[in-house]
Amino acid sequence: QVQLVESGGSLVQSGGSLRLGCAASGIILSINAVGWYRQAPGKQRELVAGITPGGSTNYGDSVKGRFTISTDNAKNTVYLQMNSLKPEDTAVYYCNTLGAQGAYWGRGTQVTVSS
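Quick look at the structure, then. (Residues numbered from 1 in each chain as written. Predicted model: local features only at pLDDT ≥ 70, side-chain atom pairs only at ≥ 80, totals over all residues. Heavy atoms only, no water.)

Glancing now at the pattern of salt bridges. Opposite charge on two side chains makes pairing possible when the charged atoms of those side chains draw close. Across all of its chains, the model carries four salt bridges by this definition. With its nearest N and O atoms 2.8 Å apart, the salt bridge here joins Glu46 to Arg38. On the basis of relative accessibility, which here comes to 6%, the residue Arg38 falls in the buried class. Measuring nitrogen to oxygen at the nearest pair gives 3.0 Å for the salt bridge that ties Asp61 to Lys64. (Salt bridge = Lys/Arg side-chain N within 4 Å of Asp/Glu carboxyl O. Buried < 20%, exposed > 50% of the residue type's maximum accessible area, 1.4 Å probe, protein only.)

Before going further, it helps to examine the pairing of strand β7 (residues 67-72). By the bridge criterion, six bridges tie β7 to strand β8 (residues 77-82) in an arrangement that is antiparallel. Pairing of Phe67 across the sheet is with Met82, part of β8. In this structure, the hairpin formed by β7 and β8 is closed by a connection of four residues, where Asn76 is found at a positive phi of approximately 50 degrees. (Pairing = 2+ DSSP bridges. Helix = DSSP H or I, 4+ residues; strand = E, 2+ residues; numbered from the N terminus.)

In the structure shown here, the tally under the stated rule is one disulfide. For Cys22, the disulfide goes to Cys95, at an S-S distance of 1.9 Å. Disulfide Cys22 to Cys95: torsion about the S-S bond roughly 50 degrees, handedness right-handed. Here Cys22, found in strand β3 (residues 18-25), pairs with Cys95, found in strand β9 (residues 91-99); they are 73 residues apart in sequence, far enough to count as distant. You can call Cys22 buried: its relative accessible area is 1%. (Disulfide = S-S within 2.5 Å.)

Another point: unusual backbone geometry. One non-glycine residue, Asn76, lies in the positive phi region at around 50 degrees. Looking at the element boundaries, Asn76 is found in the loop between β7 and β8. Despite not being glycine, Ser84 has its phi angle at roughly 50 degrees, a positive value. By the element assignment, Ser84 lies in the loop between β8 and β9.

Considering the arrangement of structural elements, one finds Arg66 in the loop between β6 (57-59) and β7. Residue Arg66 is classed as buried on the basis of its relative accessible area, which comes to 11%. For Arg66, the contacting residues outside a window of four places in its chain are Gln81, Met82, Asn83, Ser84, Leu85, Lys86 and Asp89. (Contact = heavy atoms within 4.5 Å.)

Right, dumping it as structure tokens:
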């Protein structure tokens, strides 16, 4: 019923930019907390950015000042704008929403940043 589909992952050079999108169905993102997470091979999944229905945001220390999370309520989509990308940003990026009925995850999109 609930589906989150990430898009926009690609291979990009260090210093470049990407914008990831997460389109939702079966759930209204605007009334739930939404986040982006990432997981690199051999590492634990970590929070990248989160946003609340009221618009409050938080970011992982490693991406502050470089990444921006935003939502488009009309499109029921959450975005992650990633600038000044570094090789250490390479990971599978997942979107997540935490609603009253539980947490939901997308399948992920691969971001690879070359040197």
